[in-house]
Amino acid sequence: MNLSAALSLLFIASAEAFAPTGSARASTQLLAGSNQNPFGNAQSLEYTGGADPENEKNYGRLAEKLNEADIERRKILEEADRRERAAEIRREERLAKIAYMNDMPDSTPAGTVDEFMFKEGVQDQLDKLDHDLVGLLAVKKRVKEIAALLVLDKMRRKLGFETAVPSLHMSFTGAPGTGKTTVAVRMGQILAKMGYARRGHVVLATRDDLVGQYVGHTAPKTKEMIKKAMGGVLLVDEAYYLYNAANDRDYGQESIEILLNVMENNQDDLVVAVAGYKDRMDKFFSYIPGMMSRIGNHIDFPNYTADELVKIAGVMSRDLEYDIDEDAYATFKNYISARMELPFFSNARTVRNAMDRARMNSAIRTFERFAINGENGGVCTVADLKNISSEDFQILLDDILNADTDKRIFA
């Protein structure tokens, strides 16, 4: 056998040794013809259903998630389209308004100020302020200035001018009994008449109404008071007690932060007025500059003079339907002048207390005359029931003049 023939036989034998057997070829063809894993006997990674019920559940959940994602995507696109359309409408309205204002002659009648003052009831509220409050000319002047701004702003709005809600938050500083709450009530009613407040009511709050006693208690209390005052005026009396500079963990700071946020974001539906002694309020504002910057109207209430307090007594007697004798006013002035020199004087509140005591003295005097002494057969007249005499005030003055020094403040 030559060398070439020997090499050929060797190559043929090697090829047959490495070739698959018949059964192996059949197995390979069977696997290729079916959907089985060619890498072994493990399950194929391709999802073909199957009898496992969990497969159907998983498939259903996936379909639901995909459907929800598709719905959410459509909502986002629709919201984007809505905002774009709204912005386009605003742009068109703005351009139309600019064109209207440019074409409007300067001589276009806008109506009279008095017409708006009386039509909206603003003048009526200012008249009531003059009727209810004695003196306080600077305060009344400031209130009228705010009312003038609101009236002119409404006249501008009627013509189509661009307007913005002015800063109506207020600070009232002064001693007790100088009329701060009364002015707040009148301002709330003026704001309601002019459409700057839905209800115009006044909610009076102190630290106890706004600040809680433990963690998590302050926010609900403050928000509850704000909710009550929405559409009107929230008057925070002695607001400086909200902040305690000596205690960083004092809960009042949380209440202040909530108030600041509401004053900024809800100024078109709530007016916040803070009140208290001027020196303490100035110190409070130095600690909380954000409060100071959000208040656009600072009104100082001075103490009443003795003559003004006598007039206040006359106003109170008129409202209570009493008649004060002419000579009784001089006696009352002597009493109130002496009382002003004593501690804890509270202006109109002290007058109110004095009037209550004078009414009681009048009742005792009338009862003794007609019920005990039997004067006029026990029959009294309407004038007797309405009368407050100098004698009724003299009792108050004698209590001050004759009482011990440490007891005079109770007279």
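Remember, predicted model here, so these are calculated numbers, not experimental data.

## Description of the packing of aromatic side chains
Inspection of every chain in the model, using the stated rule, returns six aromatic pairs. Ring centres of F284 and F285 lie 5.8 Å apart, and the angle between their planes is 45°; this geometry places the pair in the tilted category. The same class applies to F284 as to F285, namely buried. Three or more aromatic residues joined by ring pairs make a cluster, and in this case those are F332, Y335 and F393.

## Brief notes about the pairing of strand β1 (residues 170–174)
Counting buried positions over the five residues of β1 gives five, a clear majority of the element. Residue alternation in β1 divides its side chains into two sets, M170, F172 and G174 and S171 and T173, and both sets are buried. Alignment of β1 against strand β4 (residues 271–276), held across four bridges, turns out to be parallel. The partner of T173 across the bridge, within β4, is G276.

## What about unusual backbone geometry?
Positive phi, normally seen in glycine, also occurs at E321, with a value near 60°. Tracing the backbone shows E321 in the loop between α13 (306–319) and β6 (323–324). E321 sits in the exposed class, given a relative accessible area of 61%.

## Quick look at the layout of surface pockets
Its volume calculated, the largest pocket comes out at about 660 Å³. Lining the largest pocket are 28 residues, and of these G177, G179, T182, A348 and R349 sit closest to its centre. Elements with a contribution of two residues or more to the lining of the largest pocket: α7 (180–193), β3 (233–237), β4, α13 and α15 (348–372). Examining the composition of the lining of the largest pocket, we find that four residues originate from one element, α13, more than from any other.

## Focus: the pairing of strand β2 (residues 202–205)
Of the two faces of β2, only one is covered, namely that formed by V203 and A205; the face formed by V202 and L204 stays uncovered. Bridge count between β2 and β3: four bridges; the pairing is parallel. Looking at β3, one finds that L204 is bridged to L235.

Criteria and cut-off values
Residues numbered from 1 in each chain as written. Predicted model: local features only at pLDDT ≥ 70, side-chain atom pairs only at ≥ 80, totals over all residues. Heavy atoms only, no water. Phe/Tyr/Trp six-rings, centres within 6.5 Å; stacked < 30°, edge-to-face > 60°. Buried < 20%, exposed > 50% of the residue type's maximum accessible area, 1.4 Å probe, protein only. Helix = DSSP H or I, 4+ residues; strand = E, 2+ residues; numbered from the N terminus. Pairing = 2+ DSSP bridges. 1 Å grid on protein atoms, 1.4 Å probe; cavity = no way out; pocket = protein on both sides within 12 Å on 5 of 7 lines; lining within 4 Å. Points joined across faces, edges and corners; volume = space filled by probe spheres on them.

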